[in-house]
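# Coordinates in review
Next come the chains, spelled out residue by residue.
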Amino acid sequence: MIDKGIFTTRFKQLCKLKKKTQAEIAESLGISVNGLKHYMRKNNNAFPPVEYLDLMAKEFDVDIAYLIGEIDEPKHTSLTVANTTGLATRERDFQDDLEWDDKFYALAREYYPAYPKKKNKRSINEYADRTYAIDLITRSSKEYSYKFCVFIDFLANSNKIIELVELTYTLLFESAEESIVLIKTNDSLKDAYKTEVADKKILKHRIISLFDEILTDKVVFSGFTDSDTAKIMVLQLLEFIEKNYFNIPRSKIIKIISRRLEEIRELDETSIILGYSPEKILEGFLIKLAEFYDYTLSPDFLEKYEKELPHSLSYYMNDYQFYRNRKKNYF
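Rules behind the numbers
The numbers attached to residues start from 1 for each chain and follow its sequence in the written order. Whole-chain, interface and lining totals are the exception, using all residues; otherwise, since this is a predicted model, local features are given only for residues with pLDDT of at least 70 and side-chain atom pairs are given and counted only at 80 or more. Where side-chain values are given, they derive from all heavy atoms of the structure, hydrogens and water being excluded. Segments assigned H or I by DSSP are reported as helices when at least four residues long, segments assigned E as strands when at least two residues long, and all are numbered from the N terminus. Any two residues whose heavy atoms approach within 4.5 Å at even a single point are treated as in contact. Per-residue and other accessible areas follow the Shrake-Rupley method at a 1.4 Å probe size, with only the shown protein chains counted as cover for residues. Classification of residues uses two cut-offs on accessible area relative to the type maximum, computed with a 1.4 Å probe and protein chains only: under 20% is buried, over 50% is exposed, and between them is partly exposed. To obtain the arc, one takes the directions from the helix axis to the C-beta atoms. We define a salt bridge as a side-chain nitrogen of Lys or Arg found within 4 Å of a carboxyl oxygen belonging to Asp or Glu. Centres within 6.5 Å make a pair out of two Phe, Tyr or Trp rings, where for Trp the six-membered ring is used; the pair is then stacked when the planes are under 30 degrees apart, edge-to-face when over 60, and tilted otherwise. Without a salt bridge and with relative accessible area above 30%, a residue can belong to a patch; like charges are then joined within 9 Å and nonpolar side chains (Val, Leu, Ile, Met, Phe, Trp, Tyr) within 5 Å. Any helix carries an expected span of 1.5 Å times its number of residues minus one.

## Comments concerning the overall build of the protein
Of regular secondary structure, the protein possesses 17 helices and two strands. Taking all contacts inside the protein whose residues are at least 6 apart in sequence as the whole, residues at least 24 apart take part in 56%. Counting only carbon and sulfur atoms, one obtains 54% of the accessible surface of the protein, whose full area is about 22,000 Å².

What follows is the structure, encoded as structure tokens:
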């Protein structure tokens, strides 16, 4: 529990150290001296609002955590952040290794008196190229630290983060024989999990795929659009249909079109082609869609294609029919 007494004591000490009067502090907070004294009274257990604490900390050039007694150093170091968050630091790992070495050598000399008493301690340089989360958070570059924290928040907000973390931990720290992995699958009824022994390569591909799913979820959720790329994908789809309409079984080409339409939807969910099911596109509206997207169908294709249609070409070229036949749930 945070001690209000520590706060008032440190406030007074900092005023003296920084040569600040209570009137000056009150002015920086935008309140009266009596308002400031209200928070300093011993019989008032309430702390000042956090915005006041923040301004005080800036005025004294300390962290709020020091002001309210959470830490004993004026500012957070990587070690104090590590103690608060539980994250690892290079310094802590280095000290832990040195302590372990000391215990090991002491134990070795206990059983083997002739064991060397002196040893070359591992250099801190061995840890210099390691990257820990704590080092990124406390890095001097505010911009980089901010972006790193935003990235971590983004991952943490995904409902797939637990699976990603578990699989990554398994990949990095468990042997192939012990890699029993729960890989998420979907069926028509519910989310299910199937257990399988993961080969490291398979596991790595699943992690990459899962990370891609998280990024894709964010792109779709954020309303991101790229209409230019979506149009290029539409043109590629129209070209694919023209080349393969008579060469691929209808059921297979419908599946391919469905997948391509979903890819287009991720980039621009207002694309006109999304208003048509694969069946409608193949039925004849391919012609009007080609015109709409400035794609030229070859005369040879049109000659053969027209024979497959239930209506004449003019039916599909008619604007009324074109817009009337769009999916009802398009908008």
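## Brief notes about helix H3 (residues 33-40)
A turn of α-helix holds 3.6 residues, and therefore any two residues three or four places apart point the same way. Regarding H3, the residues found buried are Leu 36, Tyr 39 and Met 40. Down the axis of H3, the sector holding all buried residues measures 105°, keeping them to one side. Where H3 is buried, its residues touch helix H1 (4-18), helix H2 (22-29) and helix H4 (50-60).

## Digging into the pattern of salt bridges
Across all of its chains, the model carries seven salt bridges by this definition. Salt-bridge contacts for Arg 10 lead to Asp 72; the nearest nitrogen and oxygen are separated by 3.0 Å. Within this pair, whereas Arg 10 is found in helix H1, its partner Asp 72 is found in the loop between helix H5 (64-67) and helix H6 (78-85), the two being separated by 62 residues in sequence. The exposed category is assigned to Asp 72, whose relative accessible area is 60%.

## Topic: the packing of aromatic side chains
Throughout the structure, instances matching the rule amount to 12 aromatic pairs. Taking the centre distance of 6.2 Å and the plane angle of 75° together, the rings of Tyr 39 and Tyr 52 count as edge-to-face. Of the two residues, Tyr 39 sits in helix H3 while Tyr 52 sits in helix H4, which places them 13 residues apart along the sequence. With a centroid separation of 5.1 Å and 85° between ring planes, the pair formed by Tyr 245 and Tyr 305 is classed as edge-to-face.

## Notes on a nonpolar patch on the surface
A contiguous nonpolar surface patch, about 380 Å² in accessible area, is contributed by Tyr 169, Leu 172 and Phe 173. Take Leu 172: its relative accessible area is 56%, and that puts it in the exposed class.

## Re unusual backbone geometry
Even without glycine at this site, Lys 19 takes up a positive phi of about 55°. Tracing the sequence through the fold places Lys 19 in the loop between H1 and H2. With relative accessibility at 74%, the residue Lys 19 sits in the exposed group. Even without being glycine, Asp 61 reaches a positive phi, approximately 60°. For Asp 61, the location among the structural elements is in the loop between H4 and H5.

## Re helix H10 (residues 161-173)
In this model, H10 (13 residues) spans 18 Å end to end at C-alpha, consistent with the 18 Å of a helix rising 1.5 Å per residue. Along H10, the residues classified as buried are Ile 161, Glu 163, Leu 164, Leu 167 and Thr 170.

## Quick notes on the environment of Leu 171
Looking at the element boundaries, Leu 171 is found in helix H10. Each C-alpha atom of the pair Leu 171 and Lys 204 lies 7.0 Å from the other, and the pair is 33 residues apart in sequence. Leaving out residues up to four positions away in the same chain, Leu 171 has contacts with Lys 200, Leu 203, Lys 204 and Ile 207.

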